[in-house]
Amino acid sequence: MPSSPTLIEKIAEKLRLIPNLHGDLGSEVPRLTEPGNLTNYPPPEKWDDWVEYEAKSWPKRHAKHYMVVPTSCFNCEAGCGLLSYIDKSTMQVRKFEGNPYHPGSRGRNCAKGPATINQINDTDRILYPQKRTGKRGAGQWERVSWDAVLDDIAGRICKALQEKRNNEVVYHVGRPGHEGYIDRILQSWGVDGHNSHTNICSAGARFGYAIWQMYDRPSPDHANANFILLISAHLESGHYFNPHAQRIIEGMMNGAKLAVMDPRLSNTASMADYWMPTYPGSEAAVLLAIAKIIIDENLYNRAFLCDWVNWQQYLQHERPNDEITFDNFILAIKAAYKEYTPEFAEKESGVPAKTIVEVARQIGRAGTRFATHNWRSAGSGNLGGWAVARCLHFLNVLTGSVGTVGGTSPSAWNKFKPTVPNKPPAQKFWNSLHFPNEYPLAHYEMSFLLPHFLKEGRGKLDTYFTRVFNPVWTYPDGFSWIEALSDENKVGLHAALTPTWNETAYFADYVLPMGHASERHDIISYETHSGLWIAFRQPVLREARRKLGKPVQFTYEANPGEVWEEDEFWIELSWRIDPDGSLGIKKHFISPYRPGEKITIDEYYQYIFERTPGLPEKAAEHKMTPLDYMRKFGAFEVEQTSYNKHLRSIATADLQGAETDSATGLIKKAGKNIGVMVNGAACEGFPTPSRKQEFFSQTLVYWGWPEYKIPVYIKSHIHPDALDRNKGEFPLVPTFRLPTLIHSRSGNAKWLYEISNRNPIWMHTSDAKKLGIQTGDLLRVTTDIGYFADRVWVTEGIKPGVVACSHHLGRWRRSQDAVGNRWATSLVEIKSVSSDQSSVTSDLGHRTSDFGHQWQMKTLDTIRPYKSSDPDSSRIFWSDGGVHQNITFPVHPDPISGMHCWHQKVRIEKAHAEDRYGDVFVDTQKSFEIYREWLKMARPAPAPNGLRRPLWLNRPLRPTEEMFFL
Ligand code: SF4
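Each value, and the rule that gives it
- Residues numbered from 1 in each chain as written.
- Predicted model: local features only at pLDDT ≥ 70, side-chain atom pairs only at ≥ 80, totals over all residues.
- Heavy atoms only, no water.
- Helix = DSSP H or I, 4+ residues; strand = E, 2+ residues; numbered from the N terminus.
- Rg over C-alpha atoms; globule rule 2.2 N^0.38 Å.
- Contact = heavy atoms within 4.5 Å.
- Areas by Shrake-Rupley, 256 points an atom, 1.4 Å probe, with all protein chains shown as cover.
- Near = heavy atom within 4 Å.
- Nonpolar A, V, L, I, M, F, W, Y, C, P; charged D, E, K, R; others polar.
- Polar contact = N/O pair within 3.5 Å; in protein donor to acceptor, adjacent residues only side chain to side chain.
- Pairing = 2+ DSSP bridges.
- Axes fitted to C-alpha atoms, helices over the stretch in contact; angles between N-to-C directions.
- Patch = residues over 30% accessible without salt bridge, like charges linked within 9 Å, V, L, I, M, F, W, Y side chains within 5 Å.
- Salt bridge = Lys/Arg side-chain N within 4 Å of Asp/Glu carboxyl O.
- Core = buried A, V, L, I, M, F, W, Y, C linked by side-chain atoms within 4.5 Å.
- Buried < 20%, exposed > 50% of the residue type's maximum accessible area, 1.4 Å probe, protein only.
- Phe/Tyr/Trp six-rings, centres within 6.5 Å; stacked < 30°, edge-to-face > 60°.
- Lys NZ or Arg CZ within 6 Å of the ring centre and 35° of its normal.
- Parallel < 35°, antiparallel > 145°, perpendicular 65-115°, else oblique.
- Left-handed = near helix turned anticlockwise from the far one by under 90°.
- Expected span 1.5 Å × (residues − 1).

Participant: I would appreciate a short explanation of the overall build of the protein in the present structure.
Facilitator: A tally of helices and strands in the protein yields 28 helices and 34 strands. Since a compact globule built from 966 residues should have a radius of gyration of about 30 Å, the 28 Å found for the protein is in line with a globular shape. Once the C-alpha set of the protein is aligned to its principal axes, its extents read approximately 75 × 75 × 65 Å. If you take every contact in the protein between residues at least 6 apart in sequence, the share linking residues at least 24 apart comes to 72%. Just so you have it, the protein exposes about 34,800 Å², and 51% of that area is on carbon and sulfur atoms.

Written out as structure tokens, the structure is:
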């Protein structure tokens, strides 16, 4: 509970100078939105029997009785709260609305939340497990029983583990969820088998943050900021979209100014006080020019820099003969950044120097109330994109707005980590298909290189799970994925865990239907604002049945068809992999409450909620168990605000036996840094080697990148120097999304496709004039490995000289594939056409002709109305489903962060006579060659002491420490 406010705090809260930190929480669960015309949620005491008139019976008044059960949205990473309305007469979910008791979303959703109802009612969804009967990819399937599936997969995994082929068992996730759950499964199996989509998503920005402070994401306190700077389209589609968007608006309503760097005039940029249309990849140059102004004009926060930045290390390294004083540090950085003038930034970015100076001064004036965010955007588009996040965070460091009210906190301060039952130990394996030696600093798995690694013979997969993951469509170089997935020598068994058909599932051996948001369990906690919360995703029909006294044992009994939930699938599978317990797996799936018995899903979440600080007490006030409280309200606020956690004191008990280094202030215990002395206080600090913000990175120096020892600007692979404008070359920005689309999962949401269903090429009017192009013209866009044909949208809303195309469209199915996502998919024909490949032998002993084919995709039929039990399917009015551009992109692994650099150098020309809308052509041999070119930029492990990777940086599914050494 909050402490009593002082008089000054009371006045400051009343004047809204600081947030209300002392509101009376009482025993009631606070409803987090004020009641109003558009926020009249049913009161919780009526949730078991809520009466509304049936809209379809109008004008008759036909009362309908609903049970209202909360769950969480799964249509992006924000995890907003939803309330499901279950018709008690039919036990069908009728609609989803916001949950006003969810601290992140506070009752609000974007269009994608309520569209969950489309997904669960989609007539094309997969209801039963399917097994391939013909050749892989041939589209022949038969329905099989879950028992047969579990026995088959368990047998394979058991054999692989017995034969010590642990690295051949891999789980590859698209949209995560299941906080901590899958780590527990994989570690109980003893496999280093976690792969993710992060290196085609956010690893660039994550690395930029991690190299400063280990925490790899920002958590801006937009609502309390005076100035907000976004390197993305955060109001409409960014990370933690709806929770952030509502707080950005709150901040602006309270007077905050907004600046947006984006070559597109996004909806966000159109709301901004300053739209800074940077040339893609030049963002770091602008940020460093801002930094220079803040330094030169003494707008920096001296106290924060002096106390919480490792400036002494920098001086020791850079100016060993200088006295180590803070003033000398300021002189040193003035010299280091002297080239980054506003004029230089203008030359690189096209943003006027005057605007840069004005924004810099506003940021300096905002001081500790400066909120920033960069997620995908520039961090994911460019070679060296990680430097954008690093330079952006530099501004937070300079202004002292790290962890402050209205500033930007490290992500982990606002994300709750659950305590799970019976946690297995770390695995004693290192999977080089995920973390190869060439990329020792890669922030996440090098997942987009997997097809090339398999083609090179670096390893193979025995059992490969893909979960809500569709690399054939979402990744670059999708045809290389098709080639790898089609080869049973490379991928022994591919099980696609997915609620709906997708382009990758077509190349699976099993397609296993898993539940949508309201059909499974999970817990969620994200850094949506300065607080800390946990939310419960629950299968709402199962919960409704329990409340009505008709409980089920497994979630699939309440779901449609035989749709399972992953949580129960993994428990059942693990139990079957190790039936007699001899592999040491089974013991991790024993109930913490019933010795020797298999754990149930209710017990798993009961255990977590009983250990969530403050939740048992709050539940007791309501005369509930913690599990029942979460079933009832769907969310719990663990901390109302979470600022300045680096200042937390180290407990006296922890200081027993610790030693303090007099030169650095580092407090060490048992060989580990546990904190730092600052102004006489033993503080936790940040989890970096210096326990401070690392302006100077000894890590980058040590790992062979001394040129990046401090934040600098790195020229992108699509820098103007790399383009030949005379050949019609442009930088293509493919990283933005239309606000109403999800990745693969909007294909089964009719409302969303009704709103957005095409992805034209954005081109500035001046460029179109030069090229004689008009809106609607068909263009051929040629990448380094192929081309696609798309129409153009001529607009003033894009920077001249830059083209852009949204990446969420162009879904397809072939005539042999099971019908699915017909709101979104065009019918296509894919042909592998022969190429006159030379037979040069590569340095790995393979002929280059082993590495690729030429592929062609042509649209046979567009989206059209169809008959189904949903009358809306015969009302489809759109025919255009967009163009699949990603498949024409080669892989571009950043040599440091490991991020795929999405932006492309493309040649734009009018379509050739034979080109048709939606055509795609790709040569995967060329894509292999480009992979090898980019691989040459890497500076491989080991470090001088034999390390594969720095110990202090995080690694997903962290193995034992000895596995970090080669
Ligand atoms: S922002 Fe939209 S899609 Fe994302 S979780 Fe919230 S409601 Fe769902």
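Participant: Got a minute to help me understand the site of the ligand in this structure?
Facilitator: Neighbouring the ligand are Cys 73, Asn 75, Cys 76, Ala 78, Gly 79, Cys 80, Asn 109, Cys 110, Lys 112, Gly 113, Phe 241 and Asn 242. The residue makeup of the shell around the ligand, split by class, is 6 nonpolar, 5 polar and 1 charged.

Participant: Would you explain the side chain of Thr 404 in this entry?
Facilitator: Along the chain, the position of Thr 404 falls in the loop between α15 (386-399) and β14 (408-410). Separated by 2.6 Å, the side chain of Thr 404 and the backbone oxygen of Thr 368 make a polar contact. When near neighbours in sequence (up to four residues on either side) are disregarded, Thr 404 contacts Asp 221, Thr 368, Tyr 643 and Asn 644.

Participant: I tried to follow the sheet that holds strand β4 (residues 92-98) on my own but got confused; where do I start?
Facilitator: The sheet built from 4 strands is open, its strands ordered β1-β2-β3-β4 with antiparallel pairing. Because the sheet does not close on itself, it has two edges, and the strands there are β1 (50-53) and β4. Across the sheet, the mean angle separating the axes of adjacent strands is 40 degrees when strand polarity is ignored. Two strands pair when backbone bridges link them, and β1 and strand β2 (residues 63-72) are joined in this way by 4 bridges, in the antiparallel orientation. Across the sheet, Val 51 pairs through a bridge with His 65, a residue of β2. Lying over the sheet, helix α19 (residues 540-547) contacts β2, β3 (81-87) and β4, oriented at roughly 120 degrees with respect to β2.

Participant: Which parts of the structure should I look at to understand a nonpolar patch on the surface?
Facilitator: Taken together, the side chains of Ile 249, Met 253 and Met 271 define a hydrophobic patch exposed on the protein surface, amounting to about 320 Å² of accessible area. Structurally, Met 271 is set in helix α7 (residues 267-271).

Participant: Could you clarify how one ought to interpret the nonpolar core in this entry?
Facilitator: Nonpolar side chains in soluble globular proteins tend to be buried together. Membership of the largest hydrophobic core comes to 89 residues, with the highest contact counts inside it found for Leu 229, Ile 290, Leu 395 and Phe 695. The leading source of residues in this core is helix α8 (residues 283-296), at 11 residues. Among residues more than four places away in sequence, those in contact with Phe 695 are Trp 212, Val 309, Asn 310, Tyr 314, Phe 329, Ile 333, Tyr 337, Arg 390, Phe 394, Lys 709, Ile 710 and Pro 711. Core analysis: the second largest hydrophobic core is formed by 70 residues, Leu 454, Ala 484, Val 803 and Phe 928 among them.

Participant: Which parts of the structure should I look at to understand the pattern of salt bridges?
Facilitator: If charged atoms from side chains of opposite charge come close, those side chains can pair. For the structure on display, the rule yields 71 salt bridges. The closest approach of N and O atoms between Arg 143 and Glu 562, which form a salt bridge, is 3.4 Å. Taken together, the residues Arg 143 in strand β6 (residues 141-143) and Glu 562 in the loop between α19 and α20 (566-577) connect sequence positions 419 residues apart. The exposure class of Glu 562 is partly exposed, given its relative accessible area of 24%. For Lys 750, the salt bridge is made with Asp 872, and the minimal N-O distance between the two is 2.9 Å. With Lys 750 in helix α26 (residues 750-755) and Asp 872 in the loop between β32 (854-861) and β33 (904-910), this pair connects stretches of sequence that are 122 residues apart. Residue class for Lys 750 comes out buried when judged on its relative accessible area of 15%.

Participant: Would you take a moment to explain the packing of aromatic side chains for this structure?
Facilitator: By convention here, two paired aromatic rings are described through the distance between centres and the angle between planes. Per the stated rule, a full pass over the model turns up 64 aromatic pairs. Ring plane angle 65 degrees and centroid distance 5.7 Å describe the contact between Tyr 101 and Phe 633, whose orientation is recorded as edge-to-face. Separated by 532 residues along the polypeptide, Tyr 101 in the loop between β4 and α2 (116-121) and Phe 633 in helix α23 (residues 626-633) bring together distant segments of the chain. Neither residue differs from the other here; Tyr 101 and Phe 633 are each classed as buried. Note on Phe 877 and Trp 878: the rings are 5.0 Å apart at their centroids and 80 degrees apart in plane angle, and the pair reads as edge-to-face. Taken together, Trp 212, Trp 311, Tyr 314, Phe 326, Phe 329, Tyr 337, Tyr 340, Phe 344, Phe 394, Phe 695, Phe 696 and Tyr 713 form an aromatic cluster joined through their ring pairs. When the ring centre of Tyr 787 is taken as origin, the NZ or CZ atom of Arg 780, which lies over that ring, is 3.7 Å away. Lying across the ring of Trp 430, Arg 955 places its NZ or CZ 4.8 Å from the centre.

Participant: Help me understand the pairing of β3 in this model?
Facilitator: Within a regular beta strand, the side chains point alternately toward one face of the sheet and then the other, so they alternate between its two faces. In terms of burial, β3 is a largely internal element, 7 of the 7 residues being buried. Of the two faces of β3, the one lined by Gly 81, Leu 83, Tyr 85 and Asp 87 and the one lined by Leu 82, Ser 84 and Ile 86 are each fully buried. As defined by bridge partners, β2 adjoins β3 across 7 bridges and the pair is classed as antiparallel. Looking at the pairing, Thr 71 lines up with Leu 82 of β3. Adjacent in sequence and paired antiparallel, β3 and β4 are bridged by 4 residues, among which Met 91 carries a positive phi angle near 55 degrees.

Participant: Just to check I follow, could you spell out the sheet that holds strand β24 (residues 681-683) for this structure?
Facilitator: Pairing between sheet strands relies on hydrogen bonds along the backbone, with the strands arranged either parallel or antiparallel. Strand order in the open sheet formed by 4 strands is β21-β22-β23-β24, and the pairing between neighbours is antiparallel. Both outer strands of the open sheet, β21 (659-660) and β24, are each paired with one neighbouring strand and no more. Where strand β22 (residues 666-669) meets strand β23 (residues 672-678), 4 bridges bridge the pair, whose relative direction is antiparallel. What sits directly across from Leu 666, in β23, is Val 676.

Participant: I keep staring at the packing of helix α5 (residues 203-213) against α15 and nothing clicks. Help me out?
Facilitator: Two measures define how a pair of helices packs: the angle their axes make with one another and the distance between the axes. Packing of α5 against α15 brings their axes to within 6 Å, and their N-to-C directions diverge by 45 degrees. Looking at the two axes, α5 sits oblique to α15. Remark: the crossing between α5 and α15 carries right-handed chirality. Side by side, α5 and α15 meet where Gly 204, Ala 205, Phe 207, Gly 208, Tyr 209, Ile 211, Trp 212 and Gln 213 of the first sit next to Trp 386, Ala 389, Arg 390, Leu 392, His 393, Phe 394 and Val 397 of the second.

Participant: Help me out: how do you make sense of the environment of Asn 75 in this one?
Facilitator: By the secondary structure assignment, Asn 75 is in the loop between β2 and β3. Assessed through its relative accessible area of 3%, Asn 75 is described here as buried. Sequence-wise, Asn 75 and Ser 432 are 357 residues apart; in three dimensions their C-alpha atoms are separated by 31 Å. The contact partners of Asn 75, leaving out residues within four places of it in the chain, are Lys 112, Thr 116, Gln 119, Ile 742 and Arg 745. In this structure the side chain of Asn 75 is engaged in a polar contact, spanning 2.9 Å, whose partner is the backbone oxygen of Lys 112.

Participant: What is the right way to read unusual backbone geometry from this model?
Facilitator: Among all residues except glycine, the phi angle is most often negative; among peptide bonds, the trans geometry is most common. Cis peptide bonds are those with omega within 30 degrees of zero, and the linkage from Trp 58 to Pro 59 qualifies with 10 degrees. Take Pro 59: it is sitting in the loop between β1 and β2. With an omega of 5 degrees, the peptide bond between Ala 941 and Pro 942 qualifies as cis. Along the chain, Pro 942 turns up in the segment after α28 (924-935). In this structure, Asp 477 takes a positive phi of about 65 degrees despite not being glycine. Residue position: Asp 477 is located in the loop between α17 (471-474) and α18 (478-486). Phi angles above zero are rare outside glycine, and Arg 691 is one such case at about 60 degrees. Checked against the element boundaries, Arg 691 lands in the loop between β24 and α25 (698-702). Overall, the relative accessible area of 14% leaves Arg 691 in the buried class.

Participant: I'm lost on the side chain of Ser 447 in this one. Help?
Facilitator: The topology assignment puts Ser 447 in the loop between β14 and α16 (450-455). The exposure class assigned to Ser 447 is buried, which follows from its relative accessible area of 0%. A polar contact of 3.0 Å, which involves the side chain of Ser 447, links it to the backbone oxygen of Ser 196. In this structure, Ser 447 is in contact with His 172, Asn 195, Ser 196, His 197, Tyr 475 and Trp 481, ignoring residues within four places of it in sequence.

Participant: Would you explain the packing of helix α12 (residues 342-349) against helix α13 (residues 353-366) in this entry?
Facilitator: The N-to-C vectors of α12 and α13 enclose an angle of 120 degrees; their axes lie 8 Å apart at closest approach. Compared by their axis directions, α12 and α13 come out oblique. When you trace α12 past α13, the crossing you get is right-handed. Between α12 and α13, the residues in contact are Pro 342, Glu 343, Ala 345 and Glu 346 and Ala 353, Ile 356 and Val 357, respectively.

Participant: Got a minute to help me understand α28 in this structure?
Facilitator: An α-helical turn contains 3.6 residues, so any two residues separated by three or four positions project in the same direction. With 12 residues, α28 extends 16 Å from end C-alpha to end C-alpha; this agrees with the ideal 16 Å at 1.5 Å per step. Where burial is concerned, most of α28 is hidden: 9 out of the 12 residues are buried. Looking at α28, one finds that the buried residues are Thr 924, Gln 925, Ser 927, Phe 928, Ile 930, Tyr 931, Arg 932, Trp 934 and Leu 935. Residue Asp 923 occupies the N-cap position of α28, its side-chain oxygen lying 2.9 Å from the main-chain nitrogen of Gln 925.

Distances and angles like these do not, on their own, reveal function.
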